[in-house]
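So you can see what is in the structure, the chains are spelled out below.
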Amino acid sequence: GAPISVFGQPSQQSTLRIVSAADDPIRTPADLRGRTIGIPSEGGTSETLVDTLAATAGLTDADLSKQVVGLAPGVYELVQQGRIDGYVVALDTAVVVQRQQPDAVVLDPSQVISGGTQVYITSQSALADPAQRDVLQRYLRAVRAAQESVIADQPLDATLKTLGDAYDI
C-alpha cells in the first residue's frame, strides 16, 4: 500500500564469482558436490548464489557445506591450506586473486544461471512529474552505460585504473 512504484529492473549479470584452485577446481555447479564453500555471511546474496548454483546441478544442502570466511583476497590462503574448497567473492576481488595467484580458477555464475537483480523504486508523484521522470530515465541510462563499460573492460584494467585514480585500491 505504499505510494511507490518500480521504475526500472535492468537485466544484469551476477557480480559474484567462486574462486578455487587449479589442482581441484570448481568449474561447474556439479563440482560443488562434497565441497566446502566459503561465503562472506549467512543468509545473504552469496549464500543464495551457492544454493542456486547447487540446485541447478540437482544438489541439496546435504551435498555441500558452507563456511563463513569473509571477502578479502587473502581468504584464498584457506583454499591453499585445504580448509575450504572455494569461496564467493566480488568480481573485483576475483580479478585481484587471479593476478596474485596464478593457480586460481574463477567460476562466473552468469555463465550458468541468471542472477543479480536490481529493482529501482520511486514515489508515484515522481513518476507523475515529467521533469522527475526524465531524471529517472537519465539515471537508468547512466547506470546501464556504467555496467556495460565495466563488462566490456575485461580484465578490468581501465576500470581499476579509473577507480584507482579516485581511491586507494
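Our structure is the block above this text.
What you see is a predicted model, and the numbers here were worked out from it, not measured in a lab. (Residues numbered from 1 in each chain as written. Predicted model: local features only at pLDDT ≥ 70, side-chain atom pairs only at ≥ 80, totals over all residues. Heavy atoms only, no water.)

Participant: Looking at this structure, how should I read the overall build of the protein?
Facilitator: Of regular secondary structure, the protein possesses six helices and seven strands. For the protein, the sequential pattern of α-helices and β-strands runs β-β-β-α-β-α-β-α-β-β-α-α-α. Seen through its C-alpha atoms, the protein measures out along the principal axes to roughly 55 × 40 × 25 Å. The 169 residues of the protein split such that 33% are buried. Summarising the internal contacts of the protein: among those between residues at least 6 apart in sequence, 73% fall at separations of at least 24. Of the roughly 9,800 Å² of accessible surface on the protein, a fraction of 51% belongs to carbon and sulfur atoms. (Helix = DSSP H or I, 4+ residues; strand = E, 2+ residues; numbered from the N terminus. Buried < 20%, exposed > 50% of the residue type's maximum accessible area, 1.4 Å probe, protein only. Contact = heavy atoms within 4.5 Å. Areas by Shrake-Rupley, 256 points an atom, 1.4 Å probe, with all protein chains shown as cover.)

Participant: Explain unusual backbone geometry to me, please; I cannot follow it from the model alone.
Facilitator: Backbone phi values are negative for most residues with the exception of glycine, while trans is the configuration of most peptide bonds. Geometrically, the link from Q154 to P155 is a cis peptide bond, its omega value of 15° lying close to zero. In this fold, P155 is placed in the loop between helix 5 (130–152) and helix 6 (157–166). The phi angle at L156 is positive, at roughly 75°, despite the residue not being glycine. Tracing the backbone shows L156 in the loop between helix 5 and helix 6.

Participant: Just checking my understanding: could you explain helix 5 for this structure?
Facilitator: For helix 5, built from 23 residues, the straight-helix expectation of 33 Å at 1.5 Å per residue is met to within 8% by its first-to-last C-alpha distance of 33 Å. The N-cap of helix 5, judged by a side-chain oxygen 3.0 Å from the amide nitrogen of A131 a few residues on, is D129. (Expected span 1.5 Å × (residues − 1). Polar contact = N/O pair within 3.5 Å; in protein donor to acceptor, adjacent residues only side chain to side chain.)

Participant: Please clarify how the side chain of R17 should be interpreted in this entry.
Facilitator: Summarising the element assignment, R17 is placed in strand 2 (residues 16–21). Judged by its relative accessible area of 8%, R17 is buried. At a separation of 3.2 Å, a polar atom in the side chain of R17 contacts the side chain of D108. Once you skip the residues sitting within four places of it in the chain, R17 turns out to touch Y87, V88, V89, L91, A94, V106, L107, D108 and P109.

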